[in-house]
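Listed below, chain by chain, are the residues.
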Amino acid sequence: MAAQLPDGIPRDLARQRAAQISDVRYQLRFTLTPHAASASGHEELRFRAGLPSLFLLDFRGGTAANLTINGVPTPAKIENGHIELPANVIHAGENVVSLDFTAPVSPAGKAITRFEDKDDNTEYLYTLFVPMDAEMAFPCFDQPDLKGRFHLQLTAPEDWTVISNTATESQSPAVSGQRTTTFSETPPISTYLFAFAAGPFRKVHETTGLPGLYVRRSKFKKAQEEAPEVQQITGQGIDSLSRFFAQPFPFPKYDMVMIPGFAYGGMEHAGATFLREESVLFRIAPTHSDHLNRDILLLHELTHQWFGDFTTMRWFDDLWLKEGFAQYMAYQALASLKPDENIWKRFHQSIKPAAYGIDSTRGTTPIYQDIANLKDAKSAYGAIVYSKAPGVIKQLAFVLGEEHFRDGLRLYLKEHAYSNAEWSDLVHAFERVSGRSLQDWAAQWIRRRGMPQVDVAWSCGAKNQIDRFSLTQHDVLGEGGVWPIAMQVGLHYNEGAPLHLRAELSTEKSDLREAIGKPCPNYVLLNDQDYAYGRFLLDQLSRKAVIEKLGEVSDVFERTLLWGSLWDSVREADLAPRDFVELALRLLPAETDESLAQNLIGHVTTALHRYLSPSVRPEVVPQAEALASNQMLHSPSQDLRIIWFRGLRAIAKSPQGRAQLKDLLSGKLAVPGVELRPLDRWTIVTALIALHDSDAETIFAAEQKRDASGDGQKYAYMAQAARPESASKQHYFDDYLHDSSRPEDWIEQSLAPFNYWNQSELTLPYLKPALEALPQIKRERKIFFALGWLNAFIGGQQSAAAQAQVREFLRTAALDKDLQLKILEVSDELDRTVKIRQRYP
Ligand SMILES: [Zn+2]
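By convention here, each chain's residues receive numbers from 1 onward along its written sequence. Since the coordinates come from a predicted model, pLDDT governs what is reported: local features require at least 70, and pairs of side-chain atoms require 80 or more to be given and counted, while whole-chain, interface and lining totals use all residues. By convention in this description, side-chain values take in all heavy atoms of the structure and omit both hydrogens and water.

Draft legend 1. Quick look at the overall build of the protein. Scanning the protein from terminus to terminus reveals 28 helices and 29 strands. Here the C-alpha radius of gyration of the protein, 28 Å, is about what a compact globule of 841 residues would show, namely 28 Å. Expressed along its principal axes, the backbone C-alpha trace of the protein runs to roughly 90 × 70 × 60 Å. Considering the protein as a whole, with its 841 residues, one finds that 62% of them fall into the buried category. About 31,100 Å² of surface is accessible on the protein, with carbon and sulfur atoms providing 50% of the total. For the purpose of charge, His is not counted, nor are the chain termini; Lys and Arg are scored as positive and Asp and Glu as negative. Note that the charge is assigned to NZ on lysines, CZ on arginines, CG on aspartates and CD on glutamates. For the protein, the centre of its 90 positive side-chain charges and the centre of its 105 negative side-chain charges are spaced 2 Å apart. Only DSSP runs of H or I with at least four residues qualify as helices, and only runs of E with at least two residues qualify as strands; both kinds are numbered from the N terminus onward. Only C-alpha atoms enter the radius of gyration, while the globule expectation follows 2.2 Å times N to the 0.38, with N the number of residues. Relative accessibility decides the category of a residue: with a 1.4 Å probe and only protein chains considered, values under 20% of the type maximum give buried, values over 50% give exposed, and everything between is partly exposed. Computed with the Shrake-Rupley method and a 1.4 Å probe, the accessible areas treat only the protein chains shown as cover for residues.

What follows is the structure in structure tokens.
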């Protein structure tokens, strides 16, 4: 009896295959049939083997037949997600494997997803393979460092458009109204970057020299309005990144395909990025920031064409190599394309809170994440790779200087063209161009988890000059050790420009001698301009000065950093949430920066819903509601009016607040110059249902009638999840776990309404079952689902009782390590909430 085949793809198996196998070529034929539960296909796989040994081909969830290996018929037995290619039929040198197969197609949970467009009763199919679902679509060596050349033939209804990584080579009619499209062979790419989409897509705003943009037929008109901006920024990004990397766009063409309800903002398939349609065609009245965030998304996916697709991580433990750089380079590119936009302030706002948020929890991991089996790779996705990694890369660019940083990236890409690399290859490239050792830097920042908190102690003496200025660092998690930190220290004065000093800190404590003798500042801002990574709270003296002067700080980046530091103090239970809220409500009316105002309204909302005790809340809510309403109606800037509208919707609780929301729906009240879009309206309906407003059900029924579109049906599902009734919660919870036909994004959108902040008693009984469902979710759902699930179910709770349940679960459940860490990560916010409420009752 043969030994049992391994589960998933263990790293050892991957290493052994990568050492033995080369020159992989996939010749694939798929036949796509409307409404069918599977796609049928034929594959001819060629590869060179170093030795005639047994190889495993990865394949799960489908069927295989007619397997021949080098002409020898062989049983096509699928066992534990693998097909054995026996050693006695494998040659040293080139091998040819041929077989027929079928792969499942479903609205959720499979590698080939079906989207049914309820607006015009059409159907779309698309693939999403990352991190290891290519093997659910066709037999393959499903690991990133066995790149293959793909030659794809798709047979589909003749009125469908088909899109893949390369351009169409030829088309020919096939039987019964079908058509066969052959795509030219791809350069070597990893299996997770191979993709296709099919359906009655239309190409929008086709313009020579600009990337192609596809959308489903029913959104064509809407897409036409947005396409020029999307294509323009992408086109400029291609020029800018090609120059920066000194490497032309690495694939034969670049298209973007908008997919409704797509599981991520985007996925960077080589030459064919798939984008979440909702991230491009806004369902809410968008602000300027929403447009810039869209630019970032487009540039992020575009950067991946070099960083990820052209040069690919060897294994998913180096996921940060592609995600960290894509994120950092997206901001860097946008900063050069839109120099007036204060992009690095936005980088700080979007990136740093999430990074520090995870890195100060016991669920955090190093940037390099050990992944012993590819089936655990989904857990590597999260704030560590998307937020900490770019934050640390910004620190590295500051340490190296822009030129060495750029040259290091160029060298790395050049040396690993169409191939794979590891983090150490990148570090070596930086060392070679800069001539400085980065070994200690890499050991602390890449291989070790956690982050430093940096504190300053300073005083002034005679002549009103600084006579003492020392910096100390400690590990936030208390696990010991120090980090090499380079930062800018700002000395800020009531009058005149601030002084900026460069400080490098590689020990626990060090004096900043340069500061001695400088005029006594009003306050000291560590990590001024945000080059470094860590927690930088204001010292007591500075904090007092900042709270007094914050309204007069004219530099918006500085203001943003100061507010951020105060908010960190709230989250550390070191500043009363009520003090923060009152300061914010006092200064917000004069805040003209839309994205900072948005941050602050978000913090106020969090404080109201989580940190303030239920007895204090009613004292603050009316003031917050009144301010939001007033600003929504009278703010001179349209972006601010939109932000305040969203704020009112989040904050409104009192009968007056709810009445305003209802007036916005009925048209009695309008946000001047702003037309609410469907999702704006549906989120109001959701809030009214969640708050148990007596008109909510009537309003819901009216909205359902008003918006019966495909989107409307999804949003109605979302809104009803907020219904404060236990029978309804039970129904939804069963649906989440047992209805495989429910599209994943419907569920994702409904998780927060289900766990609405005011319903924690009603949802507490689902906390434990939600935790118990994690292994199933990890197995069946796309990458970010588990994190969204935990954030909703744990995030919906604020009590010590809920905290105790989570801790008990962690203590007793037999869980994979990665899931344990996820729970620790997410429950940190619950721990903070409980601590803050105890400290400031
Ligand atoms: Zn990415």
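Draft legend 2. Fine view of the sheet that holds strand E23 (residues 452-460). The strand order across the open sheet built from four strands is E27-E24-E23-E29, with neighbouring strands paired in mixed fashion. Two strands close off the open sheet at either side, each with one partner strand: strand E27 (509-511) and strand E29 (535-536). Whether two strands pair depends on DSSP finding at least two bridges between them.

Draft legend 3. Structural context of empty space enclosed by the protein. Cavities and pockets are defined on a 1 Å grid built over the protein atoms alone: a cavity is a set of grid points where a 1.4 Å probe fits but cannot escape, while a pocket is an open set with protein on both sides within 12 Å along at least five of seven lines, and lining residues are those with an atom within 4 Å of any such point. Grid points are joined across faces, edges and corners, and a volume is the space filled by probe spheres set on the points. Throughout the structure, instances matching the rule amount to four cavities of 30 Å³ or more. Each pocket or cavity is described by its volume, and for the second largest cavity that value is around 100 Å³. Only helix H25 (774-780), helix H26 (785-795) and helix H28 (817-839) provide two or more residues apiece to the lining of the second largest cavity. It is H26 that contributes the most residues to the lining of the second largest cavity, three residues altogether. Considered class by class, the residues forming the lining of the second largest cavity number eight nonpolar, one polar and five charged. Under the convention adopted here, Pro, Cys and the residues Ala, Val, Leu, Ile, Met, Phe, Trp and Tyr are nonpolar, Asp, Glu, Lys and Arg are charged, and Gly plus all remaining residues are polar.

Draft legend 4. Molecular detail of the sheet that holds strand E6 (residues 78-79). With antiparallel pairing, the three strands of this open sheet are ordered in space as E3-E7-E6. Two strands lie at the open edges of the sheet, namely strand E3 (55-58) and E6, each paired on one side alone. Judged from the four bridges that link them, E3 and strand E7 (residues 82-85) form a sheet pairing that is antiparallel. Note that in E7 the partner of phenylalanine 55 across the bridge is leucine 85. Working rule for contacts: check all heavy atoms of both residues, and any pair within 4.5 Å makes them a contact. Helix axes are fitted to C-alpha atoms over the stretch in contact, other axes to C-alpha atoms as well, and angles between N-to-C directions run from 0 to 180 degrees. Where helix H1 (residues 11-20) meets the sheet, it contacts E3 and E7, and its direction lies at approximately 110° from that of E3.

Draft legend 5. How the structure looks around the nonpolar core. With 179 residues, the main nonpolar core has Phe30, Phe47, Phe138 and Phe469 as its most contacted residues. Broken down by element, this core gets its largest block of residues, 11 residues, from helix H5 (residues 319-337). Ignoring any residue separated from it by four or fewer positions in sequence, one finds phenylalanine 30 in contact with Ala39, Ser40, Gly41, Phe101, Ile112, Ala137, Phe138, Leu152, Gln153, Leu154, Thr155 and Phe196. Counting residues in each nonpolar core, the second largest holds 76 residues, with Leu588, Val620, Trp644 and Trp757 among its members. Throughout, nonpolar core names a set of buried Ala, Val, Leu, Ile, Met, Phe, Trp, Tyr and Cys residues whose side chains join them through atoms within 4.5 Å.

Draft legend 6. Layout of the coordination of the zinc ion. For Na, K and Ca the donor cutoff is 3.2 Å, while for all other metals N, O and S atoms count as donors only within 2.8 Å; water does not appear among the atoms, so some sites may look incomplete. Taken together, the protein donors to the zinc ion comprise His300 (NE2), His304 (NE2) and Glu323 (OE), at separations of 2.0 to 2.1 Å. Each donor residue of the zinc ion lies on one chain, and together they are spaced H-x3-H-x18-E. Linking histidine 304 in helix H4 (residues 288-304) with glutamate 323 in helix H5, this pair joins segments that are 19 residues apart in sequence. Across the pair, glutamate 323 and histidine 304 agree in class, each one buried.

Draft legend 7. Representation of the layout of surface pockets. Within this model, the largest pocket holds a volume of roughly 840 Å³. Along the wall of the largest pocket there are 38 residues; nearest its centre are Arg60, Lys378, Lys778, Arg779 and Glu780. Secondary-structure elements contributing two or more residues to the lining of the largest pocket are helix H21 (726-738) and H25. Ranked by the residues each element gives to the lining of the largest pocket, the list is headed by H25, at five residues. Counted by class, the lining of the largest pocket contains 12 nonpolar, 10 polar and 16 charged residues.

Draft legend 8. Representation of the pairing of strand E25 (residues 485-492) in the model. Of all eight residues making up E25, eight are buried, and the element is well covered by its neighbours. Residues Ile485, Met487, Val489 and Leu491 point to one face of E25 and Ala486, Gln488, Gly490 and His492 to the other, with burial holding for every one of them. Linkage of E25 to strand E26 (residues 499-505), two consecutive antiparallel strands, is achieved through a turn of six residues, within which glycine 496 is found at a positive phi near 85°. The sheet contact formed by E25 and strand E28 (residues 523-525) spans three bridges and is antiparallel. In the strand pairing of E28, histidine 492 is matched with tyrosine 523.

Draft legend 9. Layout of the packing of aromatic side chains. Under the pairing criterion, centres of Phe, Tyr and Trp rings, with the six-membered ring standing for Trp, must be within 6.5 Å; the plane angle then separates stacked pairs below 30 degrees from edge-to-face pairs above 60, leaving the rest tilted. Following the criterion strictly, the structure yields 61 aromatic pairs and no others. Pairing phenylalanine 249 with phenylalanine 251 gives two aromatic rings, centres 6.5 Å apart and planes at 75°, and the pair type is edge-to-face. Taken individually, phenylalanine 249 and phenylalanine 251 each receive the classification buried, so the pair is uniform in this respect. Geometrically, the ring pair formed by tyrosine 736 and tryptophan 789 is edge-to-face, given 5.9 Å between the ring centres and 75° between the ring planes. Of this pair, tyrosine 736 sits in helix H21 while tryptophan 789 sits in helix H26, and the two are 53 residues apart along the sequence. By definition here, charges over rings are those cases where NZ of Lys or CZ of Arg is within 6 Å of the ring centre and within 35 degrees of the ring normal. It is arginine 202 that lies over the ring of phenylalanine 220; its NZ or CZ is 3.7 Å from the centre. Over the ring of tyrosine 368 we find arginine 447, and its NZ or CZ is 4.4 Å from the ring centre.

Draft legend 10. Here's a closer look at the packing of H5 against helix H7 (residues 383-400). Contact pair H5 / H7: the axes reach a minimum separation of 8 Å and the direction vectors enclose 70°. It follows that H5 is roughly perpendicular to H7 by the angle criterion. Crossing handedness for the pair H5 and H7: right-handed. Where H5 abuts H7, its residues Leu319, Trp320, Glu323, Gly324, Phe325, Gln327 and Tyr328 lie against Val385, Tyr386, Ala389, Pro390, Ile393, Lys394 and Ala397. Class assignment for the residues of the contact of H5 with H7 results in 10 nonpolar, two polar and two charged. Any angle from 65 to 115 degrees is called roughly perpendicular, while one under 35 is roughly parallel, one over 145 is roughly antiparallel, and all others are oblique. Two helices crossing with the near one rotated counterclockwise from the far one by less than a right angle form a left-handed crossing, whereas a clockwise rotation gives a right-handed crossing.

Draft legend 11. Structural context of the environment of threonine 698. For threonine 698, the position within the fold is in helix H19 (residues 696-706). Between the C-alpha atoms of threonine 698 and leucine 396, which are 302 residues apart in sequence, the distance is 56 Å.

Draft legend 12. Representation of the pairing of strand E4 (residues 63-69) within the structure. For E4 and strand E8 (residues 93-106), the ladder comprises five bridges, and the chain directions are antiparallel. Across the sheet, residue threonine 63 finds its bridge partner in E8, namely threonine 102. Across two bridges, the pairing between E4 and strand E5 (residues 72-73) is antiparallel. Following the sheet pairing, isoleucine 69 is matched in E5 by valine 72.

Draft legend 13. Unusual backbone geometry, seen in detail. Note that the residue after valine 130, namely proline 131, is joined by a cis bond; omega there is -5°. The backbone of histidine 35 sits at a positive phi, close to 65°, despite the residue not being glycine. With respect to the helices and strands, the residue histidine 35 is situated in the loop between strand E1 (21-31) and strand E2 (38-49).

Draft legend 14. Summary view of the side chain of lysine 378. Mapping lysine 378 onto the fold places it in the loop between helix H6 (343-359) and H7. What makes a salt bridge here is a side-chain nitrogen of Lys or Arg within 4 Å of a carboxyl oxygen of Asp or Glu, nothing more. Summary of buried charges: lysine 378 has no salt-bridge partner, and the nearest side chain of opposite charge, aspartate 133, is 5.3 Å away. Under this definition, polar contacts are N or O atom pairs within 3.5 Å; protein pairs additionally need one hydrogen-donor-capable and one acceptor-capable atom, and for neighbouring residues in sequence, both atoms have to be side-chain atoms. A polar contact is formed between the side chain of lysine 378 and the backbone oxygen of lysine 778, at a distance of 2.9 Å.

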